[in-house]
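# Summary of structural features
Take a look at the letters that make up each chain.
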Amino acid sequence: MTHDRDAARPLELSAEEVRALVKAATEHLIALSAKLDRRELPASYVFDSLNVNRYDEGRNVSYSLREDELPHAGTDFHVLLQQVFDEAMSNGTLHPHPGFMAHIPSGGLIQGAVGDFIARAVNRFAGVWIAAPGFQRIESNVIRWFCTMLGYGANSFGYLTTGGSLANFMAVRCALTAHEDDDRGRAVVYVSSEAHFSMIKASTMSGLRAAQVHVIGVDENYGMDLTELRSRIAADRAAGLYPVCLTGTAGTTNTGAVDDLATLARIARDEGMWFHADACFGGFFRLTERGKATLRGIEEADSISVDAHKSLFLPHGISALLVKERSRLGEAFQIPGAAYLPGFADEPELADFASYGPELSREIRGLTAWLPLKMHGVPAFAAALDEKLDLAQYLANRLSEVDGLELVRPHALQLPVVIFKLGGDQGSARNAELCELICSRGNVYLTTTELPEHGLVLRVCILHHKTDRAVVDQLIDDIACSVRTLNGGEI
Ligand SMILES: *Cc1c(COP(=O)(O)O)cnc(C)c1O
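First things first, this report covers the structure right here in the doc.

Rules of the game
Residues numbered from 1 in each chain as written. Predicted model: local features only at pLDDT ≥ 70, side-chain atom pairs only at ≥ 80, totals over all residues. Heavy atoms only, no water. Patch = residues over 30% accessible without salt bridge, like charges linked within 9 Å, V, L, I, M, F, W, Y side chains within 5 Å. Areas by Shrake-Rupley, 256 points an atom, 1.4 Å probe, with all protein chains shown as cover. Salt bridge = Lys/Arg side-chain N within 4 Å of Asp/Glu carboxyl O. Helix = DSSP H or I, 4+ residues; strand = E, 2+ residues; numbered from the N terminus. Pairing = 2+ DSSP bridges. Axes fitted to C-alpha atoms, helices over the stretch in contact; angles between N-to-C directions. Contact = heavy atoms within 4.5 Å. Phe/Tyr/Trp six-rings, centres within 6.5 Å; stacked < 30°, edge-to-face > 60°. Buried < 20%, exposed > 50% of the residue type's maximum accessible area, 1.4 Å probe, protein only. Lys NZ or Arg CZ within 6 Å of the ring centre and 35° of its normal.

## Concerning a nonpolar patch on the surface
Nonpolar side chains collect at one region of the surface, where Leu 13, Val 18, Val 22, Leu 29, Ile 110, Val 114, Phe 117, Ile 118 and Val 122 lie side by side and expose about 680 Å² of accessible area between them. Counting residues per element, the ones that place at least two in the nonpolar patch are helix H1 (15-37) and helix H4 (110-122). Per element, the largest residue contribution to the nonpolar patch is 5 residues, and it comes from H4. Secondary-structure assignment places Ile 118 in helix H4.

And the structure:
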């Protein structure tokens, strides 16, 4: 038997062809990274704008890449890679750019992508431990480390998902399973008005009506209003409803506010509710001293969702739902068994992931986090998170000195989000214009958001591993110049 490509197996590449393909892809990635470092690409080709004409360039690219015909003839992979890196790359918003400060940045450490690549290339089956005990262990180690990072003890466990939205979905399933005896039609889930929309999707995907999600207002710090929460729960009980799930947000996407998790945990316990902490944004900041203080009480949550593709700088597709008690996850996702699978022999040491989450066949996810965490050690990640907090504080201090600008401090800096607007009451349109002016310089990409009492404001989130002091100084220059341009234009 030969390892060379043979006519009977036209889909199989020879070792040389594999090497050439991987090498060519790697060279493209290295060239892209160098281009980004030399700032040859803008942080975004589009700006936050209500004017949809601004999105034409991206729309045109999308149209030009449309292929209705099935590819019948094969194409040389060099041509295909060129198409990916030239045509598909230069448009839209560039998450890999060091100046990406919009939404919640996702740095995408290449080490993580290599872990992912290996996992897919070896293509082992991760559904039951017996199929890949070694890889199951690697993924379980990552889950254990995530639990430890969030302050959970020995009984905790979790499940790696492709995103935080799915982790939130699994959390609501756990909450409903824990309240199986209650009338599902009268179950209530509580979130704050600053909670992520995925909590409402999670609830409706779990079979609840959107109206069963009760939205509680926020206090002056944009954290859940505890007084309103208590009276709402009492009123709901009086009306014959069943409070089943309370969600605290550990880092709202909008302002980085962290709910009073310790008090929410107590309320949930007193009321017999499942307490879920949505820590998709802020969770891993618990690795820092400041973050640990900010997230106080999170370890009391029944479940926690975290996005390693946010606060661990990894590529998109690595998140987790963590649970304080492993059995609760098992109860929600246990499969009844299938004759064609080897006997389920789940034991504390050896978990069948298929019994702890919604999926069966899937890629091994653990390597995406395992490789970078083992290569660098956790302190390197903690230091990077500390640096982001320092940079956000530095930015806030410097912006408060920029003429014509007003720093909006909805709360003390908890997570690296900085919010500002033009001084005086200049209105939404002018602030939107400021955001566009800043972004159009190409160095950074930020967006606006709406805050009650402040209207439209500009928002910066510093969470890219490549965002350093030089990038922030550039941002400050770009902001100051843009404010001058705007105000100059007015005279
Ligand atoms: C990003 C985010 C989510 C959703 O996570 P995805 O990984 O994008 O699905 C949920 N909650 C919060 C607070 C987030 O910041």
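Back to the write-up after that little detour.
## Notes on the sheet that holds strand S8 (residues 405-408)
Sheet strands pair via backbone hydrogen bonds, and the direction of the pair is either parallel or antiparallel. Within the open sheet, the 4 strands sit side by side as S8-S9-S11-S10. Their pairing is antiparallel. The sheet is open, and its two edges are formed by S8 and strand S10 (447-451), each paired on a single side. Shown here is a sheet whose adjacent strand axes are inclined to one another by a mean of 40°, direction ignored. Each of S8, strand S9 (417-422) and strand S11 (455-461) touches helix H14 (residues 378-399); the most contacted strand, S9, lies at about 15° to it. Across the sheet, helix H15 (residues 427-440) touches S8, S9, S10 and S11, and the angle it forms with S11 is around 25°.

## Thoughts on the packing of aromatic side chains
Per the counting criterion, the structure on display carries 4 aromatic pairs. For the ring pair Phe 313 and Phe 381, a centre distance of 6.5 Å and an interplane angle of 25° mean the geometry is stacked. Within this pair, whereas Phe 313 is found in the loop between helix H11 (308-311) and strand S7 (319-323), its partner Phe 381 is found in helix H14, the two being separated by 68 residues in sequence. Judged by its relative accessible area of 4%, Phe 381 falls in the buried class. Looking at Arg 326, its charged tip hangs above the ring of Phe 157, at a distance of 4.5 Å from the centre. Taking the ring centre of Tyr 394 as reference, the NZ or CZ of Arg 469 above it sits at 3.9 Å.

## Overview of the sheet that holds strand S4 (residues 242-249)
Read from one edge of the open sheet, 7 strands run S1-S7-S6-S5-S4-S2-S3, paired in mixed fashion. Both outer strands of the open sheet, strand S1 (157-161) and strand S3 (213-216), are each paired with one neighbouring strand and no more. Adjacent strand axes in the sheet meet at a mean angle of 20° when their direction is disregarded. Inspection of the sheet shows strand S5 (residues 274-279) paired to strand S6 (residues 303-307) by 4 bridges, in the parallel sense. If you follow Asp 278 over to S6, its bridge partner there is Ser 305. Those strands touched by helix H6 (residues 164-178) are S1, strand S2 (187-192), S4, S5, S6 and S7, and its axis lies near 175° from that of S5.

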